[in-house]
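Reading the structure
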Amino acid sequence: MAYRITSQLYEKIKHFARFPPTGVSLRQMVMFGQNPSQGTLLRATQFLADELPIRIAHRVKELDNLPHNLSEMPSIIKVKNWYAQSFEDLVNFPKPELPPIIREKLSANSAEQTKLPDNVPNFSINLTNSGKLKPSVPIGHRYYSNIDDLDWPPEVRYYNEKFTKLIEAIKRRHDPVVTTVGILEYKQHKKSAVIDTDIQAFLDRFYMSRIGIRMLIGQHVALNRLPSRSDYVGIICTKTNIAQTVQDAADNARFICEEYYGLFRAPEIQTYCPHDLIFTYVPTHLSHMLFELLKNSLRAVVELFGDDVDEYPPIRVIVAEGKEDITIKISDEGGGIPRSNIPLVWTYMYTTAEVQKLDPDFIDSDFKAPMAGFGYGLPISRLYARYFGGDLKLISMEGFGTDVYLHLNRISNSDEPLH
Ligand code: ADP
Ligand code: MG
């Protein structure tokens, strides 16, 4: 039976949508997640149990207020219902049954709760049993900080585990969101060649929010599930090796390219990067961006030179290490892009490849993509870059080639861009 949003639920959604989302920086996630105790994880659970419904409520409201009657499109209603269902699952998630003694300790300090909406699991986890509080990192009106390892009762572990299962299921429910929403812009695009800035702005916000929600969920699940590894805090790697990540992305992109064009050898990718250059980042995000950019360059080169030349001009990846940024430049000699088309490459449906069929039931895992044809490789990569305070720029020399600059912020203390 089709899911329906009851008016009661909708009221609740509207209520939660009045609260601003609270951004977290990469640095905060790293500081928070080192060797978490069950109590620390409980605090994170509490944070997410407040924060996810707020972020999701904003998306439901926005999906309901799209221009040009787009809110009535079946694919949009479908996506909206996924969000509403996830919202409902989260706000109905039962409070844990904690022993009174722990409850007393936990609720002794309610400073953090002053602005919390009703109906969220409502217990404070500000104080440790010993009364000690590790240095906490302020974010918005709440605190996201470590708690000493104590004898947390089994109920706490059980609660953390149940919550982890719930958000894993929510993440899975939302896997096909990008391909389903993609249909929206495709239909618009067919109607007119003009970029609809309202829709662009909506999609930028919508996908950025999705990246943030999936980051928070992915990080929480990893902290609860994965055995701790020395170089990792959840899904964040404190020693992400750039040269190695570029090499892996290059191998994957060249492999896909050879398959797609039936080539014996894809163009070479030459990397100029210190082998020991490491920094703190989410390796899956970095791989995703590099893979998308390298596929674009490979495609441009192969399509310019044809599939039976002896040698292609190589693609060059140059990595510079600054104090503020690590910048990765990808230069190809694939002929560039006409200047009048540059604004289009940042839209979510623009592609000069044969358009890939968008099947709403097609399950898109986050980090898999064909050679080209969905048209969202560049804009989504730019969102990933911006999510942690970086950026993506493209400069083309029509008739020669394209340079793409991927800036990655090293200081990584900027909050998630959520507005
Ligand atoms: P897709 O690769 O699925 O088409 P993208 O967002 O990755 O989507 O790229 C959009 C379009 O931008 C491409 O179809 C292509 O026309 C153009 N483009 C991107 N990168 C390059 C490049 N390095 N050289 C030439 N054209 C490019
Ligand atoms: Mg692409």
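The name recorded for the chain in an unreviewed UniProt entry is Protein-serine/threonine kinase, from Funneliformis caledonium. Note on the chain: under the UniProt heading Subcellular location (unreviewed entry), the record states "Mitochondrion matrix".

Here the focus is the nonpolar core. Membership of the largest hydrophobic core comes to 113 residues, with the highest contact counts inside it found for Phe206, Tyr207, Ile242, Leu286, Leu294, Ile328 and Leu406. Residue contributions to this core peak at 13 residues, all from helix α8 (residues 197-225). Contact partners of isoleucine 328, with chain neighbours within four places excluded, come to Ile242, Leu286, Leu290, Val317, Ile318, Val319, Val404, Tyr405, Leu406 and Leu408.

So, on to the site of ligand 1. Around ligand 1, a shell composed of 20 residues is seen, among which Asn296, Asp332, Thr351, Thr352 and Gly373 lie nearest. Separating an oxygen atom of ligand 1 from a side-chain N or O atom of threonine 352 is a distance of 2.4 Å. For ligand 1, a nitrogen atom lies 3.3 Å from a polar atom in the side chain of threonine 402. Among the secondary structure elements, those contributing two or more residues to the shell around ligand 1 are α10 (283-305) and α12 (377-387). For the shell around ligand 1, the leading source of residues is α10, giving 4 residues. Here the shell around ligand 1 is composed, by residue class, of 9 nonpolar, 9 polar and 2 charged.

Let's shift gears to the pairing of strand β4 (residues 236-241). Bridge count for strand β3 (residues 232-233) against β4 is 2 bridges, and the pairing is antiparallel. Within β4, the residue paired with tyrosine 232 across the bridge is cysteine 237. In sequence, β3 turns back onto β4 through a hairpin of 2 residues, with glycine 234 there showing a positive phi of about 65°. Sheet topology note: the β4/strand β6 (residues 278-281) ladder contains 3 bridges and is antiparallel. Note that in β6 the partner of threonine 240 across the bridge is phenylalanine 279.

Here serine 71 is to be found in the loop between α3 (38-64) and α4 (74-91). With a relative accessible area of 9%, serine 71 lands in the buried category. A polar side-chain atom of serine 71 sits 2.9 Å from the main-chain amide nitrogen of leucine 66.

It is worth spelling out the pattern of salt bridges at this point. Taken as a whole and judged by the stated rule, the model has 21 salt bridges. For glutamate 62, the salt bridge goes to arginine 205, with nearest N and O atoms at 2.4 Å. Remark: arginine 205 occurs in helix α8 and glutamate 62 occurs in helix α3; sequence separation between them is 143 residues. Among the residues examined, glutamate 62 registers a relative accessible area of 16% and is labelled buried. Of the charged contacts in the structure, one is a salt bridge between arginine 254 and glutamate 268, with a shortest N-O distance of 3.8 Å. Separated by 14 residues along the polypeptide, arginine 254 in helix α9 (residues 242-261) and glutamate 268 in the loop between α9 and β5 (269-272) bring together distant segments of the chain.

Quick look at the packing of aromatic side chains now. Applying the stated criterion across every chain yields a total of 11 aromatic pairs. Seen in terms of ring centroids, phenylalanine 16 and phenylalanine 87 are 5.2 Å apart; in terms of plane orientation they differ by 90°. Their pairing is edge-to-face. With phenylalanine 16 in helix α1 (residues 7-16) and phenylalanine 87 in helix α4, this residue pair connects regions lying 71 residues apart in the sequence. Like phenylalanine 87, phenylalanine 16 is buried. Judged by centre distance (5.2 Å) and plane angle (15°), the ring pair of phenylalanine 279 and tyrosine 281 falls under stacked.

A rise of 1.5 Å per residue sets the reference length of α8, with its 29 residues, at 42 Å; its end C-alpha atoms lie 41 Å apart and thus fit the reference within 8%. For α8, a buried count of 23 out of 29 residues is recorded, marking the element as mostly surrounded by other parts of the structure.

Each value, and the rule that gives it
- Residues numbered from 1 in each chain as written.
- Chains lettered and ligands numbered in written order.
- Predicted model: local features only at pLDDT ≥ 70, side-chain atom pairs only at ≥ 80, totals over all residues.
- Heavy atoms only, no water.
- UniProt positions renumbered as here; feature names shortened; annotations may be inferred.
- Core = buried A, V, L, I, M, F, W, Y, C linked by side-chain atoms within 4.5 Å.
- Buried < 20%, exposed > 50% of the residue type's maximum accessible area, 1.4 Å probe, protein only.
- Helix = DSSP H or I, 4+ residues; strand = E, 2+ residues; numbered from the N terminus.
- Contact = heavy atoms within 4.5 Å.
- Near = heavy atom within 4 Å.
- Polar contact = N/O pair within 3.5 Å; in protein donor to acceptor, adjacent residues only side chain to side chain.
- Nonpolar A, V, L, I, M, F, W, Y, C, P; charged D, E, K, R; others polar.
- Pairing = 2+ DSSP bridges.
- Salt bridge = Lys/Arg side-chain N within 4 Å of Asp/Glu carboxyl O.
- Phe/Tyr/Trp six-rings, centres within 6.5 Å; stacked < 30°, edge-to-face > 60°.
- Expected span 1.5 Å × (residues − 1).

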